[in-house]
Amino acid sequence: MDVLTAQLFRNMTAYDAGDPARIQHFTKVYAYADLIGTSEGLTEEELRVLRAAAILHDIGIHKSEEKYGDDNGKHQELEGPPEAGKLLSRVEGYTEDEKRRILYLIGHHHSYTEIDGSDYQILVEADFLVNLFENHPQSIDKAAAAAALSRIFRTKSGKEMLEMMFLREEYKKPGNEWKSAADTAPCRRELILSHAEPSDVQALAAVERECFPQAEAATAAEIEERVRSYGDHFFVLKERYAEQTRLISFVDGFVTDEADLTDEMYADASMHNENGSWQMIFGVNTVPERRKHGYAAMLLERAIGQAREQGRKGVVLTCKERLIPYYAKFGFVNEGVSASVHGNVVWYQMRLTF
């Protein structure tokens, strides 16, 4: 268990102090979630969110009992996120994107019809593995286990755990032996961080269109010129899963001696000066369905790290007002409204000085 997770674990134990049954419950859900998530090949960033959500998933029970006199799942989903938010605020280390995802999972962990994301699926499966036993500790409810296997469980590791615990005879049929993580490698998700290549241009343009309205988005031709001129300042994240690879996030911008970001920089890649003092950031992009996993933060931190390693003075970007607090987390300081009117939008210039 990492230090951050251990901190959160202790805080949740204090929250449930005097209630060993609930402490035991979230401990077991955490353990199964960690096991399944690791076996299914989740990244460390995804596991950090999953572990936190597993520890906090039932935090809404106390408020539910106080306000409604029950521990109904829907009441837990309603009351859980506000309580979890308070507890997360006491533990330093989770990004705002991670916190949002953790609270989303807590607010949906009893909803099974529109599961979006491996972390959500695994949290549900881990909770089922514990509840199937705790709800019937004296005798296994095989009908309930079989129904969960058919209707709820989707991960290979989760199914194997359920079968071994509750459907032992069925599991022992030939061909159902436990498979290690190495055996299931073709189904593991892998994240690949790299610089952009010319072959990435169309995928980059597609992500750009998903992230910005037409008036603000760079065209495929502009992106092609950017990659050609300063591909080493294009930070790209790809996701490989089940032998398919997809570009899901990128951060880009050139280097210049100019201290402020101007509109002409977006369209003129020839202004790049490899020996320049300032690393500009033109775009921070993640496809909508893969947001709230910290991917943009990962790439931005890599861009900042490279600029620092290369001896630049710092990093400059512009953003909309609502994103000022997000970039402030990385050390960027708001310098006020930018001269840029790119896409006919009001932009604020932010600077990180080394």
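Attention here is on the structure that accompanies the text. Computed from a prediction, not measured in an experiment: that's the story for all the values here. (Residues numbered from 1 in each chain as written. Predicted model: local features only at pLDDT ≥ 70, side-chain atom pairs only at ≥ 80, totals over all residues. Heavy atoms only, no water.)

1. Topic: the sheet that holds strand 7 (residues 314-319)
Right, on to step 1. Spatial strand order, 4-5-7-9-8: 5 strands in an open sheet with mixed pairing. The open sheet has two edge strands with one neighbour each: strand 4 (255-256) and strand 8 (333-337).
Right, on to step 2. Pairing of strand 7 with strand 9 (residues 348-353) involves 6 bridges; the strand directions are antiparallel. Bridge pairing links cysteine 319 to tyrosine 348 in strand 9.
Right, on to step 3. The sheet strands contacting helix 14 (residues 295-309) are strand 5 (278-281), strand 7 and strand 9, and the helix crosses strand 5 at an angle near 165 degrees. (Pairing = 2+ DSSP bridges. Helix = DSSP H or I, 4+ residues; strand = E, 2+ residues; numbered from the N terminus. Contact = heavy atoms within 4.5 Å. Axes fitted to C-alpha atoms, helices over the stretch in contact; angles between N-to-C directions.)

2. Comments concerning the layout of surface pockets
Right, on to step 1. The calculated volume of the largest pocket comes to roughly 810 Å³.
Right, on to step 2. As for the largest pocket, its lining consists of 37 residues, and the residues nearest its centre are Phe212, Val284, Asn285, Leu323 and Tyr327.
Right, on to step 3. Those elements that place two or more of their residues in the lining of the largest pocket are helix 6 (96-106), helix 11 (201-211), helix 12 (220-230), helix 13 (263-267), strand 6 (283-286), helix 14, strand 7 and helix 15 (324-328).
Right, on to step 4. Examining the composition of the lining of the largest pocket, we find that 4 residues originate from one element, strand 6, more than from any other.
Right, on to step 5. Split by residue class, the lining of the largest pocket holds 18 nonpolar, 7 polar and 12 charged.
Right, on to step 6. In this structure, the second largest pocket spans a volume of roughly 310 Å³.
Right, on to step 7. As for the second largest pocket, its lining consists of 17 residues, and the residues nearest its centre are Arg22, His25, Asp58, Ile61 and Glu134.
Right, on to step 8. Where the lining of the second largest pocket is concerned, the elements lending two or more residues are helix 2 (20-39), helix 4 (61-68) and helix 7 (118-134).
Right, on to step 9. No other element matches the 4 residues that helix 2 contributes to the lining of the second largest pocket.
Right, on to step 10. Of the residues in the lining of the second largest pocket, the class split is 5 nonpolar, 6 polar and 6 charged. (1 Å grid on protein atoms, 1.4 Å probe; cavity = no way out; pocket = protein on both sides within 12 Å on 5 of 7 lines; lining within 4 Å. Points joined across faces, edges and corners; volume = space filled by probe spheres on them. Nonpolar A, V, L, I, M, F, W, Y, C, P; charged D, E, K, R; others polar.)

3. Some remarks on helix 11
Turn by turn, an α-helix covers 3.6 residues, leaving residues three or four places apart pointing in a common direction.
Right, on to step 1. Looking only at helix 11, the buried set comprises Val201, Leu204, Ala205, Val207, Glu208 and Cys211. Down the axis of helix 11, the sector holding all buried residues measures 160 degrees, keeping them to one side. Seen from the buried face of helix 11, the exposed residues on the opposite side, beyond 90 degrees, are Gln202 and Arg209. (Buried < 20%, exposed > 50% of the residue type's maximum accessible area, 1.4 Å probe, protein only. Arc of directions from axis to C-beta.)

4. A word on the side chain of threonine 318
Right, on to step 1. Along the chain, the position of threonine 318 falls in strand 7.
Right, on to step 2. A polar atom in the side chain of threonine 318 sits 3.2 Å from the side chain of tyrosine 266.
Right, on to step 3. Ignoring any residue separated from it by four or fewer positions in sequence, one finds threonine 318 in contact with Leu261, Tyr266, Ile281, Ser338, Trp347, Tyr348 and Gln349. (Polar contact = N/O pair within 3.5 Å; in protein donor to acceptor, adjacent residues only side chain to side chain.)

5. Here we look at the packing of helix 6 against helix 7
Right, on to step 1. The contact between helix 6 and helix 7 brings their axes to 10 Å, and the two run at 40 degrees. When the interaxial angle is binned, helix 6 and helix 7 end up oblique. Crossing handedness for the pair helix 6 and helix 7: right-handed. Contact with helix 6, carried on its side by Arg101, Tyr104 and Leu105, involves Asp119, Tyr120 and Leu123 of helix 7 and no other residues of that element.
Right, on to step 2. Grouping the amino acids of the contact of helix 6 with helix 7 by side-chain chemistry returns 4 nonpolar, no polar and 2 charged. (Parallel < 35°, antiparallel > 145°, perpendicular 65-115°, else oblique. Left-handed = near helix turned anticlockwise from the far one by under 90°.)

6. Brief notes about the pattern of salt bridges
Once their charged atoms are close, side chains differing in charge can pair, the charge on each being opposite to the other.
Right, on to step 1. Tallied over the full model, the rule gives 26 salt bridges.
Right, on to step 2. Among the ionic pairs, glutamate 44 bridges to arginine 51, the shortest N-O distance being 3.5 Å.
Right, on to step 3. Taking the relative accessible area as the measure of exposure, glutamate 44 reaches 52% and is therefore exposed.
Right, on to step 4. For the salt bridge of lysine 63 with glutamate 66, the shortest nitrogen-to-oxygen distance reads 3.8 Å. A residue pair is termed a helical-turn pair when its members lie 3 or 4 positions apart in one helix, as lysine 63 and glutamate 66 do in helix 4 at 3 residues.
Right, on to step 5. The exposure class assigned to lysine 63 is partly exposed, which follows from its relative accessible area of 27%. (Salt bridge = Lys/Arg side-chain N within 4 Å of Asp/Glu carboxyl O.)

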